[in-house]
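Spelled out, the chains give:
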Amino acid sequence: MINQVVILSLRFILLVLLQVLILNNIELSGYINPYLYILFILLLPVQMSGLMVLSLAFVLGLVIDVFSNTPGMHAAASVITAFVRPTWLKMIAPRDGYESDAVPGIQNFTLTWFLLYASILILVHHLALFYIEVFRFSNFFQTLFRVFSSSIATLLLVILSLLFLNKAKEKR
Amino acid sequence: MRNIFIFLWRHNFVLYFLVLEVVCFIFLINHNQYQKASVISSSNKVSGRIYESVNYVKDYISLKQSNEQLVKENVALMNLLRKRELVLLDQDSLIKDTLHKQQYSFIYAKVINNSITKQNNFLTLNKGSLHGVKPEMGVVSSNGVVGIVKDVSQNYSTVISLLNEKSKVSVKIKSSNHFGTMAWPGSDSRIGLVTLIPKHVKIKEGDTLTTTSYSTIFPEGILAGTVVSYDVKPGDNFYSISIRYSTSFSNLDFVYLVKDLKKEERIELENNLIQQ
């Protein structure tokens, strides 16, 4: 239990720093802004209580906000993601349900399952984030293009970091 | 009463979600009030400190570039000084001490955080109220206009960059003095949009735009950009002019904060007009 708290907090700090110090500075043609920090919400245990996930998502978003001068924006998007997560997990549950200590990843689940799981949640997060950011529907399709291109970039980064994490675990 | 509690308990997940979202949107909306000092911004202590220490490393990487820029600026200032000396030497008349006529003084600062990819971009500078920075001061670089100070903490300040929906700066065409408003259309970090210049004015591509003396934020004649293209929308009396910013926001390093020493005097006088 305590072990898990330590791992989660380390992951939290690492993802936040990675996001605000490196990824926020990446600009690819003005359309692609990956938001990898959402990986933290993706990797929370399946059975963790909904209220807990919402709270963690809120704090995570707020910390990102503090660094990027956008109070409430990332928090709102993360909380929406956390809200959608349990429903989506239920919809794509394996035939015999989840094990009690299941953690989403590519080790315990198939890659297709994880891609399905992650892509929708990332899409939800980016949709919320980019439309809250522009706060109007006048450039609807331009924003939509930004949503999709950034989602793909985030998904790629998520897969890469998972592969990297797994490699590190095998070596140990 | 009991039923209400049961209802609340049963839907605690949805209700908690709604509460958090409401909190988020309160933050969002409060932040949008211009000039409101907010705790949740990168001028606060913790994030300011982190950005500054990372910047310490970044400095070494861009050392050569910033040196070159400083040398260039030195040369420009040197030329200006020589010219001025010539003018003064040419005059036969008595030269009085002109220091009391000084209107602007500058504070230099370093950009420790910068963004150009969002819809509303901000800069963080490493100077704050201890160094005399105040909200609504203008920020310029050696190449041109950068933005306007928003929040100030003891050691840091945040700046609304030109690349922000809220930044509107009064500019004029240098050659003809016709003035308009410069804003950012929100896609390309190099391109701005100038409106409210009447369509009878003759302009051409490559014309220079500078700041006007109409606001108390920027001194007159600071470079803003050059005209890239222009057209008049059907039924409109004004041009919409695309301009290329003279400041390149993607590699800003050192900037200057403009302190208008006669600002209060002017605002006081102009406020009298409004009150009457």
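Worth saying up front: this structure is predicted, and the values here are computed from it rather than measured. (Residues numbered from 1 in each chain as written. Chains lettered and ligands numbered in written order. Predicted model: local features only at pLDDT ≥ 70, side-chain atom pairs only at ≥ 80, totals over all residues. Heavy atoms only, no water.)

**Notes on unusual backbone geometry**
Here is step 1: Positive phi outside glycine occurs at Asn69 of chain A, with the angle close to 60°.
Here is step 2: Judged by its relative accessible area of 4%, Asn69 of chain A is buried.
Here is step 3: Of note in the backbone geometry, Asn177 of chain B takes a positive phi value of approximately 65° without being a glycine.
Here is step 4: Using a relative accessible area of 46% as the deciding quantity, one classes Asn177 of chain B as partly exposed. (Buried < 20%, exposed > 50% of the residue type's maximum accessible area, 1.4 Å probe, protein only.)

**Structural notes on helix α2 (residues 12–31) of chain B**
Here is step 1: Taking 1.5 Å as the rise per residue, α2 of chain B with 20 residues should run 28 Å; its terminal C-alpha atoms sit 29 Å apart, in good agreement.
Here is step 2: Taken residue by residue, α2 of chain B has Phe13, Phe17, Leu20, Glu21, Cys24, Leu28 and His31 of chain B as its buried positions. In a view along the axis of α2 of chain B, the buried residues occupy a sector of 100°, so they form one face of it.
Here is step 3: For α2 of chain B, the elements touching its buried residues are α3 (50–68), α4 (73–91) and α5 (111–134) of chain A together with β2 (120–125) and β4 (145–152) of chain B. (Helix = DSSP H or I, 4+ residues; strand = E, 2+ residues; numbered from the N terminus. Expected span 1.5 Å × (residues − 1). Arc of directions from axis to C-beta. Contact = heavy atoms within 4.5 Å.)

**So, the sheet that holds β4 of chain B**
All names here are of chain B.
Here is step 1: Strand order in the closed barrel formed by six strands is β1-β2-β5-β4-β3-β12, and the pairing between neighbours is antiparallel. Ignoring which end each strand starts from, the neighbouring axes of this sheet average 45° apart.
Here is step 2: By the bridge criterion, five bridges tie β2 to strand β5 (residues 157–164) in an arrangement that is antiparallel. Across the sheet, residue Leu125 finds its bridge partner in β5, namely Ser157. (Pairing = 2+ DSSP bridges. Axes fitted to C-alpha atoms, helices over the stretch in contact; angles between N-to-C directions.)

**Some thoughts on the interface of chain A and chain B**
Here is step 1: Taken together, the contact between chain A and chain B spans 35 residues of the former and 33 residues of the latter.
Here is step 2: A combined buried area of about 3,200 Å² lies between chain A and chain B, and 68% of that area is made up of carbon and sulfur atoms.
Here is step 3: Taken as a group, Phe67, Asn69 and Pro71 of chain A account for 22% of the area that chain A buries against chain B, more than any other trio of residues on that side.
Here is step 4: Here chain A is connected to chain B by zero salt bridges.
Here is step 5: Elements with a contribution of two residues or more to the side of chain A that touches chain B: α1 (2–22), α3, α4, α5 and α6 (140–171) of chain A.
Here is step 6: At ten residues, the largest contribution of residues to the side of chain A that touches chain B is made by α3 of chain A. (Buried area = accessible area lost by both parts, 1.4 Å probe. Salt bridge = Lys/Arg side-chain N within 4 Å of Asp/Glu carboxyl O.)

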